[in-house]
Amino acid sequence: MPDYSDKVMDHFTKPRNIGEIENADGVGEVGNPVCGDMMKFTIKVKDNRIEDVKFLTFGCGAAIAVSSMVSEMARGKTLEEALKITNKQVAEELDGLPGNKMHCSNLGADALHKAVEDYMAKHKTGEE
Amino acid sequence: MKTVNLDYGAAAPLEPSVLEVMLPYYTEHYGNPSSGHGMGVKPRQALAEARAKVGRLINADPAAIIFTASASEANNLAVKGLAKAAGKKGNHIIASSIEHFSVLNPLKTLQKEGFAVTLLPVDHYGVVDPAQLADAITDKTILVSIMAANPEIGTIQPLEQLSLIARERGVLFHTDATAAAGWIPLDVDKMGIDLLTLAGDQFYGPKGAAALFVHRGTRMQPQLEGGIQERGMRAGTENVPAIVGLGEAAHLAHESIEDRPQKIAVLRDKLKKSLFEAVPHLHLNGHPLNRLPHNLNLSVEFVEGEALLLRLNMAGVLVSSGSSCTSQALKSSHVLTAIGVSPELAQGSLLLTLGKTSSAEDIPYVTEQLAQVAGLLRTMSPLYHQFLKERKTNA
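Here is what the cut-offs are and how they apply
- Residues numbered from 1 in each chain as written.
- Chains lettered and ligands numbered in written order.
- Predicted model: local features only at pLDDT ≥ 70, side-chain atom pairs only at ≥ 80, totals over all residues.
- Helix = DSSP H or I, 4+ residues; strand = E, 2+ residues; numbered from the N terminus.
- Rg over C-alpha atoms; globule rule 2.2 N^0.38 Å.
- Buried ≥ 20, exposed ≤ 12 C-beta atoms within 10 Å, placed from the backbone.
- Contact = placed C-beta atoms within 7 Å.
- Pairing = 2+ DSSP bridges.
- Axes fitted to C-alpha atoms, helices over the stretch in contact; angles between N-to-C directions.
- pLDDT = per-residue confidence, 0-100.
- Nonpolar A, V, L, I, M, F, W, Y, C, P; charged D, E, K, R; others polar.
- Core = buried A, V, L, I, M, F, W, Y, C linked by C-beta atoms within 7 Å.
- Expected span 1.5 Å × (residues − 1).
- Arc of directions from axis to C-beta.
- Parallel < 35°, antiparallel > 145°, perpendicular 65-115°, else oblique.

J.: Is there a simple way to explain the overall build of chain B in this structure?
T.: A count of helices and strands for chain B gives 14 helices and 12 strands. Against the globule reference of 21 Å for 395 residues, chain B gives a C-alpha radius of gyration of 22 Å, in line with a compact fold. With respect to the principal axes defined by its C-alpha atoms, chain B has extents near 80 × 50 × 35 Å. A burial count over chain B gives 51% of its 395 residues as buried. Sequence separation of at least 24 residues holds for 73% of the intrachain contacts in chain B that already meet a minimum separation of 6.

Shown next, in the form of structure tokens:
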């Protein structure tokens, strides 16, 4: 069993924001079963802020905890702030991850960024 | 909290009567078997007795048993020891692609040293095709190494058929019987086996004692050099208490070779039935019938094995997984890959091995826990959501 911090175990056993937002404003998907993890983030955006965020994750304990943590960190942030969330910050917020699980934190931040970029791409020539 | 150990393959408790016979060799009869004085006598006799008991388990000449500290060491000795002594006889070795790493990694090393290695594929159940073995043998082949049964998927190989092919071509046949010994009848004579690896900790003996049977007269180079213990094939003062324990465990396994496996197979089949009835989208890995009696390997579709393992552990149900996330190397099981299990299903694999504390009374609890954990992880699985959407569209 990997040595997970209490915080990782907390987010793994009680993950926040599970699910998929219907008619989401932005969708970000990363990973595949071959590499072991898959994450899908959906976001709802209002006034340039992430009003709601949900995730679905196929992966290990660390992957699930990372997804949950990223969703908490992203909620309420402006799109620019969300894009600045780094994998390092995610790992720090979780009180660290075992060395061979650090790539899970990359995936979490990547999935969120993709969802934000998806929204931005759709709204480039939009109402503004 | 209730604990249900379904990971006996990883570690099993000592049989209390085994521990009892071992203890005097730590305290009273602690002498060195090589000593010329009186203290050496009892340990020397104990080694001889253990050798006889291990020999009986596999119907082998006791003098052909070499004690080692682990099955990995025995496999290393078998593969490298034979290769290094082969000389001009040849430089080609054949093994199956689902061998343990203690066979596969020595083969990789030998390859770097100029040996040629053929890894035979297996079918969807993990069985080696005898015809493919026959085709792979050349006049340079010095050794065929195919495990008796796979510890992960439980599949038992047609050893007699395979060894006969090797024998007819004058090639030595080694079988890694680590997972099989004590659980299925093995007879090196009848089965035409020249070398066999076994370990006591797989049948309630102590850790730290294993054995390699090597047909007498087989040329082999020791891999641990020093004194002349174990016919000069394995230097180092013998771990007498552990070897005594291995002997006793072999004796008990031999006595119950019909009864013990049969009982546990009945229990395993009950567990399997219960799990398949309660949990949708389960897949069995390995052979449906020809498998070790205490082994069950399942893939829980749409979810990942480490997450399952951790959740089950929280409920006191101890299992193992072939998922890449549970391995330090982050690679999914080479065995599941070899039998053609998709990456997604390999990630969701669970290995359950039953043992002496396993009881029918625990089956409902284990079933309930797996159903719950699988259900919970599926609610957050993108693969499961995708499946539900597709089913809706197709309906």
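J.: What's the story with the sheet that holds strand β2 (residues 37–46) of chain A in this structure? I'm lost.
T.: Two orientations exist for strands paired in a sheet by backbone hydrogen bonds: parallel and antiparallel. Pairing is antiparallel across the open sheet formed by 3 strands, whose spatial order is β1-β2-β3 (chain A). On the outer flanks of this sheet lie β1 (26–32) and β3 (49–58) of chain A, each paired with one strand and no other. Within this sheet the neighbouring strands show an average axis-to-axis angle of 15°, counted without direction. Relative to β3 of chain A, β2 of chain A runs antiparallel, the two sharing 9 bridges. Following the sheet pairing, Thr42 of chain A is matched in β3 of chain A by Lys54 of chain A. Against the sheet, helix α2 (residues 61–74) of chain A makes contact with β2 and β3 of chain A, and its axis sits at roughly 175° relative to β3 of chain A, the strand it touches most. Where helix α14 (residues 382–394) of chain B meets the sheet, it contacts β2 and β3 of chain A, and its direction lies at approximately 90° from that of β3 of chain A.

J.: Explanation requested: the confidence of the model for chain B in the structure shown.
T.: Low pLDDT means the predicted atomic positions in that stretch should not be read closely. Looking at chain B, pLDDT values average 96 and 98% of them are 70 or higher. We note a pTM of 0.94 for the whole complex and an ipTM of 0.92 for its interfaces.

J.: How should the interface of chain A and chain B be read in this particular structure?
T.: How big an interface is tends to be stated in terms of accessible area lost as the parts join. Every contact between the two is made by 19 residues of chain A and, on the other side, 21 residues of chain B. Mapped onto the side of chain A that touches chain B, the elements with two or more residues apiece are α1 (6–13), β2, β3 and α2 of chain A. Per-element accounting of the side of chain A that touches chain B gives the leading share, 3 residues, to β3 of chain A. The class makeup of the residues in the side of chain A that touches chain B is 11 nonpolar, 6 polar and 2 charged.

J.: What should I look at first to understand the nonpolar core in this one?
T.: Here is a general trend for soluble globular proteins: nonpolar side chains tend to be buried in one another's company. Core analysis: the largest hydrophobic core is formed by 161 residues, its most contacted members being Val66 and Leu112 of chain A together with Ala180, Ala211 and Phe213 of chain B. Those residues in contact with Val66 of chain A that lie beyond four places of it in its chain are Val90, Leu94, Cys104, Ser105, Leu107 and Gly108 of chain A.

J.: Which parts of the structure should I look at to understand unusual backbone geometry?
T.: Excluding glycine, a negative phi dihedral is what most residues carry, and trans is how most peptide bonds are arranged. With phi around 50°, Asp47 of chain A is a residue other than glycine that occupies positive phi space. Mapped onto the secondary structure, Asp47 of chain A falls in the loop between β2 and β3. Given 6 C-beta atoms within 10 Å, Asp47 of chain A falls into the exposed group. Here His281 of chain B, not a glycine, exhibits a phi torsion of approximately 60°, which is positive.

J.: Teacher, can you tell me more about helix α13 (residues 363–379) of chain B here?
T.: In an α-helix there are 3.6 residues to a turn, and that puts residues three or four apart on one side. All names here are of chain B. An ideal rise of 1.5 Å per residue puts 24 Å on 17 residues; α13 measures up with 24 Å between its terminal C-alpha atoms. The complete set of buried residues in α13 reads Val366, Leu370, Val373, Ala374, Leu377 and Arg378. Taken end-on, α13 shows its buried residues confined to a sector of 130°, consistent with a single buried face. α13 presents Pro364 and Thr379 as exposed residues on the side facing more than 90 degrees away from its buried surface. Lining the buried residues of α13 we find β1 (4–5), α9 (259–278), β10 (295–300), α10 (305–314), β11 (317–318) and α14.

J.: I tried to follow the environment of Pro24 of chain B on my own but got confused; where do I start?
T.: Relative to the helices and strands, Pro24 of chain B resides in helix α2 (residues 24–27). Residue classification places Pro24 of chain B among the partly exposed positions, given that 14 C-beta atoms sit within 10 Å.

J.: When you look at the sheet that holds strand β12 (residues 349–353) of chain B in this model, what are you seeing that I'm missing?
T.: Residues and elements named next belong to chain B. Strand order in the open sheet formed by 3 strands is β9-β10-β12, with antiparallel pairing between adjacent strands. The sheet terminates laterally at β9 (282–284) and β12, the two strands that pair on one side only. Ignoring strand direction, the axes of neighbouring strands in this sheet form an average angle of 30°. Bridging between β10 and β12 involves 5 bridges; their strand directions are antiparallel. Each bridged residue has a counterpart across the sheet, and for Asn297 the counterpart in β12 is Leu351.

J.: What am I meant to see in the pairing of strand β7 (residues 195–199) of chain B here?
T.: Residue and element names in this part refer to chain B. Where burial is concerned, most of β7 is hidden: 5 out of the 5 residues are buried. Residue alternation in β7 divides its side chains into two sets, Leu195, Thr197 and Ala199 and Leu196 and Leu198, and both sets are buried. As judged from the 3 bridges shared by strand β6 (residues 172–176) and β7, these two strands associate in the parallel manner. Bridge assignment links Asp176 to a residue of β7, and that residue is Thr197. Where β7 meets strand β8 (residues 210–214), 5 bridges bridge the pair, whose relative direction is antiparallel. Bridging from a neighbouring strand, Leu196 pairs with Phe213 of β8.

J.: Just checking my understanding: could you explain the pairing of β2 of chain A for this structure?
T.: Put simply, side chains in a regular strand alternate between the two faces of the sheet. All names here are of chain A. Taken across its 10 residues, β2 has 8 buried, putting it largely inside the fold. When β1 meets β2, the two strands line up antiparallel, connected through 7 bridges. Paired with Asn32 across the bridge in β2 is Asp37. The turn linking β1 back onto β2 is made up of 4 residues, and Gly36 within it adopts a positive phi angle of 105°.

J.: Help me understand the packing of α1 of chain A against α2 of chain A, please; the structure alone is not making it clear to me.
T.: For any two helices packed against each other, one specifies the inter-axial angle together with the distance between the axes. Residues and elements named next belong to chain A. With their axes 8 Å apart at the nearest point, α1 and α2 run at an angle of 85° to one another. Classified by the angle their axes make, α1 and α2 are roughly perpendicular. On the side of α1, the interface is formed by Val8, His11 and Phe12, while α2 contributes Gly61, Ala62, Ile64, Ala65, Ser68 and Met69.

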